[in-house]
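Each chain, letter by letter, is given below.
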Amino acid sequence: MAKRLLSVTSRCIALLRQRQRPFSDSRGQILDGKAIASSIRKNLKKEISDLKSKTDSKFGPCLAVIQVGHREDSNVYVRNKLKAAAEIGMETRSIKLPNAVGEAEVVDAIDELNRRNDVNGILLQLPLDVLQSVDTDYCINRIHPQKDVDGLTAVNSGRLARGEMGGTVIPCTPRGCLELIERTGTDIAGSNAVVIGRSKIVGSPMRDLLQNRNATVTVCHSKTKDMQDMVRRADIIVVAARQPQMVKGDWLKPGAIVIDCGINDIKDATKSKGYRLVGDVDYESCKPVASWITPVPKGVGPMTIAMLLQNTLECAKRQLAD
Ligand code: NAP
Ligand code: LUD
């Protein structure tokens, strides 16, 4: 009898402990951004084809990408974006401006795309690769908010910061990160989230998104003291710091969800190109401690592109309804 009572009590204690632990105990699960992005693109392709047949092909979403200069990384990203758009049945326009242009030419290109009814989304690839000084914020804000598929204009980022989600566009990378976090099945509400980085394109909108989901968010940046102490309390950590392999496994709370936005080249003589891509997270030391972790490549990067396509489709649908 005493033995049975003991066993029931210890089972109850074990159950209680499990309830107190908000996250799953399995460690090192990989959040496969490439596979998830591919399934999202497949659904978008179907939706576009259905909308085309319903509207006698009057509906044909079109994404325009402006690239200034010829940075090798931008060439790759822009090529991938245009290819992914075409593959799901979107029209695309690629506008390449030489690095000798000034602000006026960039603004002219944006204004022309703003005017065209056959263009639903406009993306200005950053950073601008220019010889003379051009005000990036000014150019971005020239994009009509309804065509701002990157969600970077002051209007759209202001709406996001204020939690006014109807009609806004969420920046692609943070939207992709949120999608990945949601797919782990974790409860974001009430969790402690740490975002490392506060850029307009990743860190700040990520903070807003997590806060809107009722996480308690701490933002770290280059002047943050005791960053490791902040990270140790985090159930969810999103890193966008442009610092190769900065976050180490022994900084993490066991079972944390780790989302790595970083894309950095580091020298690697064993590779034919002489370098390889790594994130801002030290994957090898973090993987055994995290419950879920994104790899680099094939983590956040492909999600950014899938979310761009989703944003473009959403903008096109709103424009059709107007
Ligand atoms: P960014 O504009 O250079 O901003 C970096 C941020 O990190 C800044 O807020 C900076 O702080 C902070 N930071 C720098 N060093 C730090 C340190 N030692 N400790 C803590 N914080 C530090 O970069 P970004 O455009 O946000 O991009 C971040 C990374 O994500 C890059 O590797 C980029 O290539 C990658 N990225 C990937 C995707 C994708 O689709 N996968 C998309 C966008 C960006 P301060 O504000 O104090 O300067
Ligand atoms: N500017 C972006 N600049 C750079 N990785 C991207 C990106 C795909 N206006 C504007 O697209 O959202 C943007 N809007 N950004 N980025 C970075 C940032 C921008 C980064 C990586 C990838 C887009 C991507 O496909 C692949 C992966 O991680 O698996 C690897 C690609 C490779 O280099 O081999």
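As a starting point, this report considers the structure included with it. If you're wondering where the values come from, they're calculated on a predicted model, not measured in any experiment. (Residues numbered from 1 in each chain as written. Chains lettered and ligands numbered in written order. Predicted model: local features only at pLDDT ≥ 70, side-chain atom pairs only at ≥ 80, totals over all residues. Heavy atoms only, no water.)

### A word on the state of the cysteines
- Evaluated as defined, the whole model comprises zero disulfides.
- Here Cys-286 is not cross-linked by a disulfide; its sulfur's nearest cysteine counterpart is in Cys-261, at 14 Å.
- On the accessibility criterion, Cys-286 (0% relative accessible area) is buried.
- In this structure Cys-315 is a free cysteine whose sulfur lies 9.6 Å from that of Cys-172, the closest cysteine sulfur available.
- When its relative accessible area of 1% is taken as the criterion, Cys-315 is described as buried. (Disulfide = S-S within 2.5 Å. Buried < 20%, exposed > 50% of the residue type's maximum accessible area, 1.4 Å probe, protein only.)

### Remarks on the site of ligand 1
- Near ligand 1 there are 23 residues, and of these Arg-198, Ser-199, Ser-222, Arg-242 and Thr-304 occur at the shortest range.
- Side-chain polar atom of Arg-242 to an oxygen atom of ligand 1: 2.9 Å apart, as the coordinates give it.
- One of the backbone nitrogen or oxygen atoms of Cys-261 is found 3.3 Å away from an oxygen atom of ligand 1.
- Look at ligand 1: alone it shows 920 Å² of surface, and the protein chains cover 76% of it.
- No other element matches helix α11 (residues 300-321), which puts three residues into the shell around ligand 1. (Near = heavy atom within 4 Å. Polar contact = N/O pair within 3.5 Å; in protein donor to acceptor, adjacent residues only side chain to side chain. Areas by Shrake-Rupley, 256 points an atom, 1.4 Å probe, with all protein chains shown as cover. Helix = DSSP H or I, 4+ residues; strand = E, 2+ residues; numbered from the N terminus.)

### What to know about the site of ligand 2
- The full set close to ligand 2 counts 16 residues, and Lys-81, Leu-124, Leu-126, Asp-150 and Lys-298 are the nearest of them.
- One nitrogen or oxygen atom from the side chain of Gln-125 is found 3.1 Å from a nitrogen atom belonging to ligand 2.
- In the model, a nitrogen atom of ligand 2 is placed 2.5 Å from a nitrogen or oxygen of the Asp-150 side chain.
- Within the complex, 80% of the 670 Å² of free accessible area of ligand 2 lies under protein.
- Every element with two or more residues in the shell around ligand 2 is listed here: α3 (72-87) and α11.
- A per-element tally of the shell around ligand 2 places α11 first, with four residues.

### Structural notes on the pairing of strand β6 (residues 216-220)
- In terms of strand pairing, strand β5 (residues 192-196) meets β6 through five bridges, oriented parallel. Bridge assignment links Asn-192 to a residue of β6, and that residue is Thr-216.
- Between β5 and its parallel partner β6, the chain crosses via helix α8 (residues 203-212), and the hand of that crossover is right-handed. (Pairing = 2+ DSSP bridges. Right-handed = clockwise from strand over helix to strand, strands pointing away.)

### Quick look at the sheet that holds β6
- Overall, parallel pairing links the six strands, which are arranged β1-β11-β8-β7-β5-β6 in an open sheet. Lying at the two open borders of the sheet, with one neighbouring strand each, are β1 (29-30) and β6.

### Quick word on the pairing of strand β3 (residues 91-97)
- Looking at chain direction, strand β2 (residues 62-68) and β3 are connected through seven bridges and run parallel. Following the sheet pairing, Val-68 is matched in β3 by Leu-97.
- Between the parallel elements β2 and β3, the chain passes through α3 in a crossover that is right-handed.

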